[in-house]
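Overview (structure and organization)
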Amino acid sequence: MSILENLQAELLQARVRLERFIEKDSEERIRLTLKDLAVRLGKKFGSETLVKLSVTHEDLATLTDTSRQTVTTVLSRLKSQNKISYSRGRFLFRNLDLL
């Protein structure tokens, strides 16, 4: 990837993040960020997507401009709804279309 392509990708990510901050609530920002990570880094297994990524709740909070407590609450809710499963170093998304 060339320097110009890298800059374009970074600018696009910054623009998307700013738009989400302005237009979406914190829970939606977290969901969309998780979905983006799954699409970019995940491996599909039927309807499920596995992402091997060592990321903390604090890291997700920084990425989504929310608090760690909000990330923990949203992840717990998604887990109780059986939409995701997560443990240290991995996230399993049951169905990205339903996230």
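Preceding block: the structure.
Source: prediction; values computed, not measured. (Residues numbered from 1 in each chain as written. Predicted model: local features only at pLDDT ≥ 70, side-chain atom pairs only at ≥ 80, totals over all residues. Heavy atoms only, no water.)

The secondary structure content of the protein amounts to four helices and four strands. Helices and strands in the protein line up, N terminus first, as α-α-β-β-α-α-β-β. Expected size for 99 residues packed as a compact globule is a radius of gyration near 13 Å; at 14 Å, the protein falls within 12% of this value. Principal-axis analysis of the C-alpha atoms places the extent of the protein at approximately 40 × 30 × 25 Å. Taken over 99 residues, the protein has a buried fraction of 29%. (Helix = DSSP H or I, 4+ residues; strand = E, 2+ residues; numbered from the N terminus. Rg over C-alpha atoms; globule rule 2.2 N^0.38 Å. Buried < 20%, exposed > 50% of the residue type's maximum accessible area, 1.4 Å probe, protein only.)

Before going further, it helps to spend a moment on the nonpolar core. Counting residues in each nonpolar core, the largest one holds 18 residues, and the members touching the most others are L34, L60, L75, I84, F91, F93 and L99. Breaking this core down by element, the ones donating at least two residues are α2 (26-41), α3 (57-64), α4 (68-80), β3 (84-87) and β4 (90-93). Not counting chain neighbours up to four residues away, the residues in contact with L75 comprise L34, H57, L60, I84, Y86 and F91. (Core = buried A, V, L, I, M, F, W, Y, C linked by side-chain atoms within 4.5 Å. Contact = heavy atoms within 4.5 Å.)

What follows is about the packing of aromatic side chains. The description of an aromatic ring pair rests on the distance of the ring centres and on the angle between the ring planes. For the structure on display, the rule yields two aromatic pairs. Ring centres of F91 and F93 lie 6.2 Å apart, and the angle between their planes is 20 degrees; on these two criteria the pair is classed as stacked. Each of the two residues, F91 as well as F93, counts as buried. The side chain of K79 reaches across the aromatic face of Y86, ending 4.8 Å from its centre. (Phe/Tyr/Trp six-rings, centres within 6.5 Å; stacked < 30°, edge-to-face > 60°. Lys NZ or Arg CZ within 6 Å of the ring centre and 35° of its normal.)

For L53, the location among the structural elements is in the loop between β2 (48-52) and α3. As a C-alpha pair, L53 and L37 span 16 residues in sequence and 9.1 Å in three-dimensional space.

Our focus in this paragraph is the packing of helix α1 (residues 3-23) against α2. Packing of α1 against α2 brings their axes to within 10 Å, and their N-to-C directions diverge by 155 degrees. As far as their axial angle goes, α2 and α1 are roughly antiparallel. Where α1 crosses over α2, the handedness of that crossing is right-handed. The residues of α2 that touch α1, namely those facing Q13, R20 and F21, are R29, L32, T33, D36 and R40. (Axes fitted to C-alpha atoms, helices over the stretch in contact; angles between N-to-C directions. Parallel < 35°, antiparallel > 145°, perpendicular 65-115°, else oblique. Left-handed = near helix turned anticlockwise from the far one by under 90°.)

Before going further, it helps to spend a moment on the sheet that holds β3. Here four strands make up an open sheet; going across it, the order is β1-β2-β4-β3 and the pairing antiparallel. The open sheet has two edge strands with one neighbour each: β1 (43-45) and β3. Between one strand and the next, the sheet's axes are offset by a mean angle of 20 degrees, whatever the strand orientation. Sheet analysis places β1 next to β2, joined by three bridges and oriented antiparallel. Each bridged residue has a counterpart across the sheet, and for F45 the counterpart in β2 is E48. Taken strand by strand, α2 contacts β1, β2 and β4, and its axis lies near 85 degrees from that of β2. Packed on one face of the sheet, α4 meets β3 and β4 and runs near 125 degrees to β3. (Pairing = 2+ DSSP bridges.)

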